[in-house]
Amino acid sequence: MDRSHIEKISKALADGTRLKIFQAISASKCISCGEIVSMRGVTPATVSHHLKILNEAGLIACRREGQFVYSQAVPETIEAYTRALTRISSGKKTSRRRVLSHVIKCALATVCSQFLPFVVRASLFSQSTVPKASPNNSAPPQLALTLDDPRLSLGLALKWPEANNRILKAISERDIRAALFVCGMRVDEADGIKLLSAWDQGGHLICSHSYSHKFYGEQTSYADFAADFLKNEKVIAPYRNRTALFRYPFLKEGDTADKRDRFRALLKERSYRVGHVTIDASDWYVSQRFVDRLAKQPNAPIAPYRDYLIAHLLDRAAFYRQLALDVLGRDIPHTLLMHFNPLNAFVLPEVLKAFETAGWQWIDASLAFEDPIFRSRPQTLPAGESLVWALAKETRRFEDRLRYPGEDDVYEKPKMDALGL
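Below you will find a few notes about this structure. These numbers were taken from a predicted model, which means no experiment stands behind them.

## Considering the pairing of strand E7 (residues 242-246)
Now for step 1: Pairing geometry for strand E6 (residues 205-208) and E7, over two bridges, is parallel. Of the residues in E7, the one forming a bridge with Ile206 is Arg242.
Now for step 2: Since E6 and E7 lie parallel, the crossover through helix H11 (residues 222-236) that links them has a hand, and here it is right-handed.
Now for step 3: Bridge count for E7 against strand E9 (residues 273-274) is two bridges, and the pairing is parallel. Across the sheet, residue Phe246 finds its bridge partner in E9, namely Val274.

Written out as structure tokens, the structure reads:
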């Protein structure tokens, strides 16, 4: 790919609206003009113009069927573009700066990551995680690791002792202490004591995630949810590092103000605080896809799922950090939500390293939760989601950047489908 073509693609991706359109096209096998027009922030008058530029850059292919025009992404162009950028990035720094502008890096990191090799993607994400409005960019953003749902049953992919050892070893090598949010029904037997004891002996926080993982919505009453929460206390009570932090299942804090406030009162009465997530993600879904693939293809490679997971986590971290800066006007210590699952057991060392490469600093979970922001009680309904999401929602100033739910499989499925993962 010659320099003129590189510049054409770079200019095509530099426009915010065009970037949004290309993202929608990339996430779908095929999309019509009508569907593009229905997107927020896209006007019918400009769609043809944006499609023309994307088409001329070779990023999409368009075809007409009767009176309708359909567009689809051309991954070969992105692959060639990536190879060209790799060649440039291996040269002198001045050349790389000239071609890989900050706008292009952000565009690739957020949209084109599904096509990029990991080594290039990691480099791009390391730039995209530097927010555009940080009041103190000299200090690295801080991040604590929190894991939900330790379990004894992981299917055929991995036995729990190996998964536990792998995860704990990865964390120990960084000399940090995580927070483990325990759902009692998944560990309420003799082996569960062994699993949790290993975390307790490692100095990690042992916290509550309810007993039965009930969804605190219309189908669950306050009385049932409260009883389930209290039932879990006996599961985590024996451990030295048991900490009075509670994380709502699915991050849902109630569908009515009465249910929300009654349970908050119960937490206060029992001296609990909410173990808020600030960086939400769908690592559980990526792992589920990996496990499903192993069931059909036992020798399936792990690398594509690892690369997708890392790109996804870094993208969500960049999004929520910038949102926190815009809402609060300062950097906060972030808490990343991950899960005790087979994929994370295999690739957690690479995940932790990728965040460091992207400029993040790992800290102990106990230190993160000391920040006053974690005592916030956002007045939103339905209550819940990540803390940063909820604080942004409460202001009513960021509606164009928030989706509900904040993270879920529906956002990742089309991208993973398109990649054959």
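## Structural notes on helix H14 (residues 303-328)
Now for step 1: The terminal C-alpha atoms of H14 lie 37 Å apart, and with 26 residues this matches the ideal 38 Å at 1.5 Å per residue to within 8%.
Now for step 2: With 20 of its 26 residues buried, H14 lies for the most part within the structure.
Now for step 3: Two residues or fewer after H14 comes Gly329, characterised by a positive phi angle close to 75 degrees.

## Some words on empty space enclosed by the protein
The probe, sized like a water molecule, is rolled over the atoms to show the empty space still left.
Now for step 1: Overall, the coordinates contain one cavity of 30 Å³ or more when judged by the stated rule.
Now for step 2: One number sums up the size of the largest cavity: a volume of about 70 Å³.
Now for step 3: Residue classes in the lining of the largest cavity are distributed as five nonpolar, three polar and three charged.

## Side note on the layout of surface pockets
Now for step 1: Size it by volume and the second largest pocket reaches roughly 650 Å³.
Now for step 2: Forming the walls of the second largest pocket are 30 residues, and the residues nearest its centre are Asp149, His213, Phe250, Trp284 and His339.
Now for step 3: Those elements giving two or more residues to the lining of the second largest pocket turn out to be helix H13 (283-296) and strand E10 (334-339).
Now for step 4: Here the lining of the second largest pocket gets four residues from one element, more than from any other, and that element is H13.
Now for step 5: When grouped by side-chain class, the residues that make up the lining of the second largest pocket number 13 nonpolar, eight polar and nine charged.

## What to know about the packing of H14 against helix H17 (residues 387-395)
Now for step 1: For the pair H14 and H17, interaxial distance at closest approach is 9 Å and the crossing angle is 40 degrees. By the angle class used here, H14 and H17 are oblique. Both H14 and H17 take part in a crossing whose hand is left-handed. Contacts between H14 and H17 involve Tyr320, Leu323, Ala324, Val327 and Leu328 from the first element and Val388, Trp389, Leu391, Ala392 and Thr395 from the second.
Now for step 2: Its residues assigned to classes, the contact of H14 with H17 comprises nine nonpolar, one polar and no charged.

## Things to note about unusual backbone geometry
Now for step 1: In the segment running from Leu381 into Pro382, the intervening peptide bond is cis, with an omega of -10 degrees.
Now for step 2: Mapped onto the secondary structure, Pro382 falls in the loop between helix H16 (365-368) and strand E12 (383-384).
Now for step 3: Here Tyr404 and Pro405 are connected by a cis peptide whose omega angle stands at -5 degrees.
Now for step 4: Along the chain, Pro405 turns up in the loop between H17 and helix H18 (409-419).
Now for step 5: The backbone phi angle of Leu251 is positive, close to 60 degrees, even though this residue is not glycine.
Now for step 6: Following the sequence through the fold, Leu251 ends up in the loop between E7 and strand E8 (252-254).
Now for step 7: Classification of Leu251 by relative accessible area gives buried; the value is 11%.

Parameters and conventions
Residues numbered from 1 in each chain as written. Predicted model: local features only at pLDDT ≥ 70, side-chain atom pairs only at ≥ 80, totals over all residues. Heavy atoms only, no water. Pairing = 2+ DSSP bridges. Helix = DSSP H or I, 4+ residues; strand = E, 2+ residues; numbered from the N terminus. Right-handed = clockwise from strand over helix to strand, strands pointing away. Expected span 1.5 Å × (residues − 1). Buried < 20%, exposed > 50% of the residue type's maximum accessible area, 1.4 Å probe, protein only. 1 Å grid on protein atoms, 1.4 Å probe; cavity = no way out; pocket = protein on both sides within 12 Å on 5 of 7 lines; lining within 4 Å. Points joined across faces, edges and corners; volume = space filled by probe spheres on them. Nonpolar A, V, L, I, M, F, W, Y, C, P; charged D, E, K, R; others polar. Axes fitted to C-alpha atoms, helices over the stretch in contact; angles between N-to-C directions. Parallel < 35°, antiparallel > 145°, perpendicular 65-115°, else oblique. Left-handed = near helix turned anticlockwise from the far one by under 90°. Contact = heavy atoms within 4.5 Å.

Any link to function would need more than the numbers given here.
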